[in-house]
Amino acid sequence: MWMLTRYAFWVPSRTFKRAATQQIPAARRVVSSTVSSWQKEKVEKMKYVVVTGGVVSGLGKGVTASSIGVVLKACGLRVTSIKIDPYLNTDAGTMSPFEHGEVFVLDDGGEVDLDLGNYERFLDVTLTKDNNITTGKIYQSVLEKERKGDYLGKTVQVVPHITDAIKDWIESVSLVPVDGEEGPADVCVIELGGTVGDIESMPFIEALRQLYFSVGQDNFCLIHVSLIPVLGVVGEQSPLPLQKTKPTQHSVRELRALGLIPHFLACRSAQPLLENAKQKLSQFCHVPVANILNIHDVPNIWHIPLLLQNQSAHDAILKQLDLLSVARHVDLQEWTRRAETSDNITKSVSIAMVGKYVGLTDSYLSVVKALMHACIACSLKPSIAWIAASDLEDDSAKLNPEAHAAAWKTLRGAACVLVPGGFGDRGVKGMMLAARYARENSVPYLGICLGMQISVIEFARSVLHLEKANSEEFDPQTPERVVIFMPEGSKTHMGSTMRLGSRRTLFQTPDCITAKLYNNSEYVDERHRHRYEVNPEIVGSLEEAGLKFVGRDESGKRMEILELPDHPFYIGVQFHPEFKSRPGRPSAPFLGLVLAATGKLEAYVKRQQNGSVYAIHQQ
């Protein structure tokens, strides 16, 4: 179920300034005599859809904003997006996964909020770090300008300097194409993180109010996401659950007091909104009943765009933005098929997820989504068994024998094992035990980033008998350095100092399973986020013992993909393939893991070699 779960200025660099300033004339040059008049109109003015939240955080504003983008894109419009995070961090790179969920990595190396992952997956776009605005970025850039004397001795204030910086950022970034086409998009969906009323979001509320005034009513649409709590039976005179609108009324009142008037309400609730609740919201919030959208709990999030379509949200938004004349009839057939397929699948595959941050599943959100994409392609539901790596360790058998026994029982009952990325030495021994179990018992295994490094250390200890084999990350003084710090980052600073973003991996042989899963490609571009890598000096010994490094970077010194040829499926990747997985285009390593877990990998590889176009589930 998609429940009520958690599902910010900057002066552009010279390169970006040049790109941004060239976008508008470039976009206009695209327009030619062969393009219809409505297309000419589209590229002249940017339309903004702003999504705010009220009552409580974690209502799913990211999924709602993404779904709005989906229905607008289904109407033939090009869509880009911006996420505003009001925290003081420059980016999400140094945040604990327990506190903020996963750190999503973009092609350009930006470490951003996980909601940008939702935008990329839903809209099938490639965003940049500039699509994520934080308070830290804004204030840092304004202070840098002040130190350089750009303000000519004026007193630097929140209004107008901070708010102007926010507006300039939004207007510049919204012009940058993210869908591979030339020229700016038609609509920019902006999500303001947090809750209206939070003190840290006030400058952004004011900047958005000024943006609304400057661009005009026909180019601005405000959608306020709010909670409609449901109370149980209260006394004998209330036979039905009560949907309470008062929290939303107060939230809208506060938003209006700050100068922003919502055009739409997106009401989150467990059950469909009752008509009397809509009437009350319309009366007290000054929003037409037709513009009150209900986003209630659904079996999977792929239903959300369909919910919006069924309520004609696209028509109402297009009307507000004066785009009815240029939009085509909404087409969400692919989304409908995807949602229905997911609902109708009955078989599942058990996947043991052995990690450090299993206490908060958002810590591995993209991994979970990639598993879902791969499983749906195989007509399966993912049954993820979360295992805290530390529970597998010998110390746990003494301190918490029940948790230790349960963890091992879960691991042994799974059809495959996945060890995702992470940092630090907590739980490392447990991950090695999981990797060893999968290796020795021919259980399909996929190690991502840290999971790959873990498998190398375990192999060195168990097969090469290097008892002290370790990573410099866990033991800087280890005499047998299997994993070392590679000089593309800093040991003293944490933010944006790793090997980040899209890098090319060259396959060393077309014979390996991974190359075949990547459609027999000679190379693959995937996103990275790490500081430590396999020591090139020990690679020869590892390969002689049977561990093959089938993918390396362009220098040949960085090990990117490993395989055990005699194992049904034992693969480690230094990159994070989950960040590029999409609905309908599952990530190759994840697809291979699921296929191997269900005994379909060999047949799939043969079909790939023969150029077959049969669907996976037909096997």
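Look above for the structure.
What you are looking at is a predicted structure, and each value in this text was computed from that prediction instead of being measured.

A.B. asks: Describe the nonpolar core, listing the residues and the values that go with them.
C.D. replies: Core analysis: the biggest nonpolar cluster contains 56 residues, and Val49, Ile68, Leu72, Ile223, Ile317 and Leu332 have the highest contact counts within it. At six residues, helix H3 (residues 61–73) tops the list of elements feeding residues into this core.

A.B. asks: How would you sum up unusual backbone geometry? Please name residues and give values.
C.D. replies: Where the residue is not glycine, phi is negative for most of them; where a peptide bond is considered, it is trans in most cases. Following valine 159, the chain continues into proline 160 via a peptide bond in cis, with omega recorded as 20°. Locating proline 160 in the fold gives a position in helix H7 (residues 158–173). Phi angles above zero are rare outside glycine, and histidine 286 is one such case at about 60°. Turning to its location among the elements, histidine 286 is positioned in the loop between helix H10 (275–285) and strand S11 (292–296). In this model, asparagine 519 sits at a positive phi of 60°, which is unusual for a non-glycine residue.

A.B. asks: Before we move on, could you go through the packing of aromatic side chains and cite the residues and values that matter?
C.D. replies: Applying the stated criterion to the full structure yields nine aromatic pairs. Between phenylalanine 507 and tyrosine 518 the ring centres are 5.9 Å apart and the planes differ by 45°, which places this aromatic pair in the tilted class. With a gap of 11 residues between them, phenylalanine 507 in strand S18 (residues 499–507) and tyrosine 518 in the loop between helix H19 (513–517) and strand S19 (523–530) connect regions that are remote in the sequence. Comparing phenylalanine 507 with tyrosine 518 shows no difference in burial state: the two are buried. In this structure an aromatic cluster arises from ring pairing among Tyr357, Tyr364 and Trp386. Above the ring of phenylalanine 284, the side-chain terminus of lysine 246 is found at 6.0 Å from the ring centroid.

A.B. asks: A description of the state of the cysteines should follow, citing residues and the corresponding values.
C.D. replies: Counted according to the given criterion, the structure contains zero disulfides. Considering cysteine sulfurs only, cysteine 267 is the nearest to cysteine 285, which forms no disulfide, with 8.0 Å between them. For cysteine 285, a relative accessible area of 0% puts it in the buried group. Cysteine 378 takes part in no disulfide bond, and the closest cysteine sulfur, belonging to cysteine 375, lies 6.8 Å away.

A.B. asks: Tell me about the sheet that holds strand S15 (residues 445–448), and please be specific about residues and values.
C.D. replies: One open sheet accounts for nine strands, arranged S13-S12-S14-S15-S23-S22-S21-S18-S19; its pairing is mixed. Looking at the sheet topology across the chains shown, the edges are occupied by strand S13 (381–388) and S19. Pairwise comparison of adjacent strand axes, ignoring direction, gives a mean angle of 25° for this sheet. The pairing of S18 with strand S21 (residues 548–552) spans two bridges and is antiparallel. Along S21, the bridge assignment pairs leucine 506 with arginine 552.

A.B. asks: I'd love a proper account of the environment of isoleucine 561, names of residues and values included.
C.D. replies: Looking at where isoleucine 561 falls in the secondary structure, it is placed in strand S22 (residues 559–563). Using a relative accessible area of 0% as the deciding quantity, one classes isoleucine 561 as buried. Sequence separation between isoleucine 561 and lysine 548 is 13 residues; the distance between their C-alpha atoms is 8.4 Å. If near-sequence neighbours (up to four positions away) are discounted, isoleucine 561 is found in contact with Met452, Thr505, Phe507, Thr514, Lys548, Phe549, Val550, Gly551, Ile571, Gly572, Val573 and Phe575.

A.B. asks: Would you mind going over the packing of H7 against helix H8 (residues 202–215) in detail, with residue names and values included?
C.D. replies: Where H7 meets H8, the axes come as close as 9 Å, and the angle between the chain directions of the two elements is 65°. In terms of crossing hand, the pair formed by H7 and H8 is right-handed. Contacts between H7 and H8 involve Val158, Val159, Ile162, Thr163, Asp164, Ile166, Lys167, Ile170 and Glu171 on the former and, on the latter, Pro203, Phe204, Glu206, Ala207, Leu208, Gln210, Leu211, Ser214 and Val215. Split by residue class, the contact of H7 with H8 holds 11 nonpolar, three polar and four charged.

Rules and cut-offs
- Residues numbered from 1 in each chain as written.
- Predicted model: local features only at pLDDT ≥ 70, side-chain atom pairs only at ≥ 80, totals over all residues.
- Heavy atoms only, no water.
- Core = buried A, V, L, I, M, F, W, Y, C linked by side-chain atoms within 4.5 Å.
- Buried < 20%, exposed > 50% of the residue type's maximum accessible area, 1.4 Å probe, protein only.
- Helix = DSSP H or I, 4+ residues; strand = E, 2+ residues; numbered from the N terminus.
- Phe/Tyr/Trp six-rings, centres within 6.5 Å; stacked < 30°, edge-to-face > 60°.
- Lys NZ or Arg CZ within 6 Å of the ring centre and 35° of its normal.
- Disulfide = S-S within 2.5 Å.
- Pairing = 2+ DSSP bridges.
- Axes fitted to C-alpha atoms, helices over the stretch in contact; angles between N-to-C directions.
- Contact = heavy atoms within 4.5 Å.
- Left-handed = near helix turned anticlockwise from the far one by under 90°.
- Nonpolar A, V, L, I, M, F, W, Y, C, P; charged D, E, K, R; others polar.

Interpretation note: all reported values are geometric properties and have no functional meaning in isolation.
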